[in-house]
2 protein chains.
Amino acid sequence: MSKQGLPTVDACCAPLTREPLPESEATELAPLFKAIADPVRLRLLSLIACHEGGEACVCDLTGAFDLTPPTISHHLKVLRQAGLVESERRGTWVYYWLNPAVLARMSALLTPASKAFAETA
Amino acid sequence: MSKQGLPTVDACCAPLTREPLPESEATELAPLFKAIADPVRLRLLSLIACHEGGEACVCDLTGAFDLTPPTISHHLKVLRQAGLVESERRGTWVYYWLNPAVLARMSALLTPASKAFAETA
DNA sequence: CTCTTGCCTAGATAAGTGTCAAATTAGACA
DNA sequence: TGTCTAATTTGACACTTATCTAGGCAAGAG
């Protein structure tokens with residue numbers, strides 16, 4: 001269940017500010033940011049990452065929100081389909097963990113050019 | 001026109017993977033990612049950043065898309081309201097430039113913890 | 001087998017989003 | 001003043017999304 005067409009992470013990591021982003025790459029990257037463009041999903045990612053062993057089962061996550069289990073399940077599915085997390089069933093529980101390479105790619109894309117960054121920081 | 005309640009960039013930069021993201025911070029950060037969660041807006045950001053002098057007028061941008069000027073204007077407004085870009089009118093033209101501090105904050109948030117990152121990279 | 005628990009899927013609904021055409025504002029210039 | 005160009009605002013539309021309730025499947029306990 002943890003495998004369902006993860007996006008390829010081949011085109012890699014030239015910051016936005018270095019050269020104009022090609023349309024194809026923008027089309028590929030936008031869904032990644034859309035996946036984390038929600039407070040619940042941002043917190044889910046963080047909760048999973050910070051949980052013991054770098055993974056968490058759904059029952060570890062639902063308690064942190066005022067939302068029904070199906071809604072949490074929905075958000076986890078969005079994260080999984082974007083390739084940001086992977087999951088596996090172990091007995092009764094389903095565990096989720098981060099795919100750090102995808103996060104790294106997103107982070108690198110947003111790295112401001114050193115020149116522009118120096119102007120304000 | 002370039003000033004309309006830019007979000008405060010006070011809470012800063014602890015990566016998602018370091019400690020559980022507080023709800024308040026998630027609520028503040030999600031709109032930033034939502035603003036760039038669109039292929040057109042990603043390319044707009046990149047085009048602005050890479051343009052001569054780090055700024056571009058709207059007429060420099062519209063040609064890169066198969067979209068009408070009002071649509072480009074709409075996307076620029078979304079970026080401006082999120083605080084990712086600022087703008088100023090100079091005579092006939094309106095110029096846009098990046099706010100690199102906001103981009104830096106977003107990038108830092110997504111920086112994978114070194115341990116988790118080493119496992120895959 | 002039956003019951004319970006953990007998680008997911010399906011369907012419905014209200015709210016949000018991307019796009020365009022039409023109308024509007026702002027500045028430059030004759 | 002009048003007209004042209006640049007950019008935005010408004011209003012409408014189709015499409016997407018976040019959430020819930022109801023129901024279903026899988027695994028373990030009895």
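In case you missed it, the structure is sitting above this.
The shown structure was predicted, so the numbers you read here are calculated from the model rather than taken from an experiment.

What counts, and where the lines are drawn
- For every chain, the first residue of the written sequence is number 1, and numbering continues from 1 along that sequence.
- Lettering for chains starts from A, numbering for ligands starts from 1, and both go in the order in which the items are written.
- For a predicted model such as this one, the threshold for reporting local features is a pLDDT of at least 70, and the threshold for listing and counting side-chain atom pairs is 80 or more; totals across whole chains, interfaces and linings nevertheless cover every residue.
- Pairing between two strands requires that DSSP report at least two bridges joining them.
- In this description a helix means any DSSP run of H or I spanning at least four residues, a strand means any run of E spanning at least two, and both kinds are numbered starting from the N terminus.
- Every angle, taken between N-to-C directions, lies between 0 and 180 degrees, and every axis is a line fitted to C-alpha atoms, over only the stretch in contact when it is a helix.
- The contact rule is simple: place each C-beta atom from the backbone, and if two of them lie within 7 Å, those residues are in contact.
- In this analysis a residue is considered near a molecule or strand if the C-beta atom, reconstructed from its backbone, is found within 6 Å of that molecule or strand.
- Residue classes follow a fixed rule: Ala, Val, Leu, Ile, Met, Phe, Trp, Tyr, Cys and Pro count as nonpolar, while Asp, Glu, Lys and Arg count as charged, and any other residue, Gly among them, counts as polar.
- Take the buried Ala, Val, Leu, Ile, Met, Phe, Trp, Tyr and Cys residues, join any whose C-beta atoms are within 7 Å, and the set you get is a nonpolar core.
- Neighbour counting defines burial: a residue surrounded by 20 or more other C-beta atoms within 10 Å of its own C-beta is buried, one with 12 or fewer is exposed, and intermediate counts give partly exposed, using backbone-placed C-beta atoms.
- Alignment of the copies relies on least squares applied to C-alpha atoms, considering only residues that score at least 70 for pLDDT in both.

J.: Can you walk me through the sheet that holds strand 1 (residues 55-57) of chain B in this structure?
T.: Residues and elements named next belong to chain B. Strand order in the open sheet formed by three strands is 1-3-2, with antiparallel pairing between adjacent strands. Both edges of this open sheet fall to strand 1 and strand 2 (85-90), since each of them pairs with a single strand only. Looking at each pair of strands side by side, their axes are set apart by 25° on average, direction ignored. Pairing geometry for strand 1 and strand 3 (residues 93-98), over three bridges, is antiparallel. Its bridge partner being in strand 3, A56 is matched across the sheet by Y96. Along the sheet face, helix 2 (residues 39-50) touches strand 1, strand 2 and strand 3 and points at about 95° away from the line of strand 3.

J.: When you look at the protein's contact with DNA strand C in this model, what are you seeing that I'm missing?
T.: DNA strand C sits among 23 residues. The nearest are C59(A), P70(A), S73(A), T71(B) and G91(B). Residues of the surface near DNA strand C, tallied by class, amount to 12 nonpolar, seven polar and four charged.

J.: Please clarify how the interface of chain A and chain B should be interpreted in this entry.
T.: Reports of interface size often rely on the accessible area that becomes lost once the parts have come together. Counting from both sides, the interface comprises 40 residues of chain A and, opposite them, 38 residues of chain B. Looking at the side of chain A that touches chain B, the elements that each hand over two or more residues are helix 1 (23-36), helix 2 (39-50), helix 5 (100-110) and helix 6 (114-120) of chain A. Residue classes in the side of chain A that touches chain B are distributed as 27 nonpolar, seven polar and six charged.

J.: Even after reading the chapter, I still don't get the pairing of strand 2 of chain B, so can you show me in this structure?
T.: For a regular strand, side chains alternate in direction, first toward one face of the sheet and then toward the other. Residues and elements named next belong to chain B. The sheet contact formed by strand 2 and strand 3 spans six bridges and is antiparallel. Residue pairing in the sheet places S87 in a bridge with Y96 of strand 3. Counting the residues that bridge the hairpin from strand 2 to strand 3 gives two residues, and of these G91 lies at a positive phi of roughly 65°.

J.: Would you explain the nonpolar core in this entry?
T.: Soluble globular proteins tend to pack their nonpolar side chains together in the buried interior. Counting residues in each nonpolar core, the largest one holds 59 residues, and the members touching the most others are F33(A), L45(A), L84(A), F33(B), L45(B) and L84(B). Excluding residues within four positions of it along the chain, F33(B) makes contact with F33(A), I36(A), A37(A) and M106(B).

J.: Whenever I open this one, the relation of the copies chain A and chain B confuses me. Can you help?
T.: Put simply, the second copy of the chain is the first one after a rotation about an axis and a shift along it. When chain A is fitted onto chain B, the two copies agree to an RMSD of 0.0 Å after a turn of 180° and an axial shift of 0.0 Å. The transformation relating the two chain copies, once decomposed into turn and shift, fits a two-fold axis. Using C-alpha coordinates, one finds that chain A approaches the rotation axis most closely at S107(A), a distance of 2.2 Å. The overlap is high: 95% of the interface residues of chain A also sit at the interface in chain B, so the same surface is used on both sides.

J.: Would you take a moment to explain the sheet that holds strand 2 (residues 85-90) of chain A for this structure?
T.: Strand pairing in a sheet is mediated by backbone hydrogen bonds. Such pairs are either parallel or antiparallel. All names here are of chain A. If you walk across this open sheet you meet the three strands as 1-3-2, and the pairing is antiparallel. Every other strand in the sheet has two partners, leaving strand 1 (55-57) and strand 2 as the edge strands with one partner each. The mean angle between the axes of side-by-side strands here comes to 25°, regardless of whether they run parallel or antiparallel.

J.: Looking at this model, I keep getting lost on the protein's contact with DNA strand D. Mind explaining?
T.: The local shell around DNA strand D holds 25 residues, among which T71(A), G91(A), C59(B), P70(B) and S73(B) are the closest. Elements that contribute at least two residues to the surface near DNA strand D include exactly helix 4 (69-82) of chain A together with helix 3 (58-62), helix 4 (69-82) and strand 3 of chain B. Counting residues per element, the surface near DNA strand D draws most heavily on helix 4 of chain B, at six residues. The residue makeup of the surface near DNA strand D, split by class, is 12 nonpolar, 10 polar and three charged.

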